[in-house]
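Each chain, written out:
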Amino acid sequence: MSDEQTPGRAEQAPAPGGAEASELVRLRAEVERLRDRAGAEQRRRVRLLTLRRAVAAVLVALVAILAVTSVVGVWGSRTTLNTDRWIATVGPLPEDPKVNAAVSTYLTNEIFDQVDVRQRLADALPPRATFLAAPVTGAVHDFMQKSISKLLADDRFQELWRATNRFAHERIVAVLEKSNENVRVRGDTVTLNLLPMVNNVLNSLEDQLPSLFGKKLDLPTLTSGEVPPGLHERIEKALGVSLPEDFAQIRLYDRRELGQLQDAVVLFKRALVGLLIAVPVVLALALWVSPNRRRSVLQLGLWLVVTVTVLSSVLRAVRDQLLGQVPDGVYRDGLRAALWTVFTTLRDRGDQLLWLGVGIAVVAYLAGPGRLPVWLRRRTAQGARATGQFLAKAGERAAHKESSLRPWLVRHADVLRVSGVVVAALVALLLSSWTGLLVVALLLAAYEIAVTLLARSDGSPPTGEAAPKSPEKTGAPG
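Everything in this summary refers to the structure shown in the same document. (Residues numbered from 1 in each chain as written. Predicted model: local features only at pLDDT ≥ 70, side-chain atom pairs only at ≥ 80, totals over all residues. Heavy atoms only, no water.)

On to the nonpolar core. Judged by nonpolar contacts, the single largest core of 40 residues is most densely connected at Leu-107, Ile-111, Leu-202 and Ile-235. Among the elements of the structure, α3 (83-90), α4 (97-115), α6 (133-152), α7 (155-177), α8 (195-208), α9 (231-239) and α12 (330-342) are those that each provide at least two residues to this core. (Core = buried A, V, L, I, M, F, W, Y, C linked by side-chain atoms within 4.5 Å. Buried < 20%, exposed > 50% of the residue type's maximum accessible area, 1.4 Å probe, protein only. Helix = DSSP H or I, 4+ residues; strand = E, 2+ residues; numbered from the N terminus.)

The structure is reproduced here in structure tokens:
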């Protein structure tokens, strides 16, 4: 009986063990599925995080480019495409010695080449004195250039210079913006026509050197930059020569060379408002997408520095290209000075953006978790606490000394006030800017107020005076 039951028990014993094994297999499979799911979720989060970082970095770079481009666009719209601001910029150019030298040299050469002074002097001199024609011609040339240089500094010629540039600038802006269909550009060019200035220069030279032309020129005195009809022919007749068509004209615009610029100006001016709106919108989007806003702000500062540096390099390349088209010497020096004046505002805005980028990057870096920022923040906090303790102790010492210092200030208050005014006046004599004078005035006002407040008596009478006594009580003795 026992022998028959033993095999049955042996057959039933593995059943529980098989159920546990299958359950273990199922649990292991479930764990693997959960691990796979967790791994997939983790990989998805990593990919999403990487994508957000990449998109934020691209958007931040785009913000920097748009910001710098907007600054250039606003400068171009307000300065180069606005006639009034353009005249305010280039109007004082003849006051620059290099620009004055370039313009006076140009006008002198234009007149000298057409009048042929050397031949006129050779014809006027006796045969034995013809050798004097060359040195006399050089002397006349130098005298004429100096005379024209002085004339350019005259108020009447300054107004004519502004009027001439206004007339040319209005035409070139109309062409670039395609805003005036009535503007016609002869030969696909726009020029700065200095013929009115030549006309007035000839009148002035006739008064100073009446024998230079051999006759009365009978030319009008012009005050407008617009060229009167027939002025070219009238000057030809007065000088008795045939003048070239481009006499006294400086080319400003050539459609074949700057045709693409014309289309770019129109497109850029239309897109300027969109650029100004896009900068804060794209910046907000970049910060929203970024998983680490501090890092994005740091990248923005660095990209501003990089973009401004690239823009500066491009502007230098454009300047060098323009200067390369001008002969070396006085003309190139004059153009370099003129370009420096024209781009002054843009350079200032670029410097401001550059330092803004540096400041943003430094602040974002110092706010980070790196060893150096943490060490600097710790040292700054320690220094602030030490400074506070020092100031507290200094305040306590000052409070102890106040009793002896206050009477001295009361006695010498008037002397201190007058001394402050004298020192401020001496400093003001050394300054030439309104900003410096304003700073001196503010410092003087602060000094006078401080002296007045510190010298105020706290109720104790000045030295030599007795404090009023309170009246004695009277009454019947009690």
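Moving on from the model shown.
Another point: empty space enclosed by the protein. If a probe as big as a water molecule is rolled over the atoms, it shows which places are left empty. This structure, assessed with the given rule, holds 2 cavities of 30 Å³ or more. The volume enclosed by the largest cavity comes to roughly 40 Å³. For the lining of the largest cavity, the secondary structure elements donating two or more residues are α2 (14-80), α11 (293-324) and α13 (344-366). Among the elements that take part in the lining of the largest cavity, α13 stands out by supplying 4 residues, more than any other. A class-by-class count of the residues in the lining of the largest cavity yields 7 nonpolar, 1 polar and 1 charged. (1 Å grid on protein atoms, 1.4 Å probe; cavity = no way out; pocket = protein on both sides within 12 Å on 5 of 7 lines; lining within 4 Å. Points joined across faces, edges and corners; volume = space filled by probe spheres on them. Nonpolar A, V, L, I, M, F, W, Y, C, P; charged D, E, K, R; others polar.)

Below, the discussion takes up the pattern of salt bridges. The final tally for this structure, using the stated rule, is 5 salt bridges. We note a salt bridge from Arg-166 to Asp-84, for which the minimum N-O separation is 2.9 Å. Taken together, the residues span a long stretch of sequence, with Arg-166 in helix α7 and Asp-84 in helix α3 at a distance of 82 residues. The salt bridge partner of Asp-414 is Arg-417, with a shortest N-O separation of 3.0 Å. Remark: Arg-417 and Asp-414 occur in helix α14 (residues 371-429); sequence separation between them is 3 residues, near one turn of the helix. Its relative accessible area of 25% is what places Arg-417 among the partly exposed residues. (Salt bridge = Lys/Arg side-chain N within 4 Å of Asp/Glu carboxyl O.)

This brings us to the packing of aromatic side chains. Per the stated rule, a full pass over the model turns up 1 aromatic pair. With 5.3 Å between their ring centres and 25 degrees between their planes, Trp-75 and Phe-343 make a pair best called stacked. Within this pair, whereas Trp-75 is found in helix α2, its partner Phe-343 is found in the loop between α12 and α13, the two being separated by 268 residues in sequence. With relative accessibility at 11%, the residue Trp-75 sits in the buried group. On the basis of relative accessible area, Phe-343 is assigned to the partly exposed category, the value being 25%. Here the guanidinium or amino end of Arg-347 rests over the ring plane of Trp-340, the centre of that ring lying 3.5 Å away. (Phe/Tyr/Trp six-rings, centres within 6.5 Å; stacked < 30°, edge-to-face > 60°. Lys NZ or Arg CZ within 6 Å of the ring centre and 35° of its normal.)

Here we come to α13. Every α-helix carries 3.6 residues per turn, so stepping three or four residues along brings you back to the same face. Between its first and last C-alpha atoms α13 spans 33 Å; for 23 residues at 1.5 Å apiece the expected length is 33 Å, and the two agree. Within α13, the full set of buried residues consists of Leu-346, Gly-350, Leu-353, Gly-357, Ala-361 and Ala-364. (Expected span 1.5 Å × (residues − 1).)

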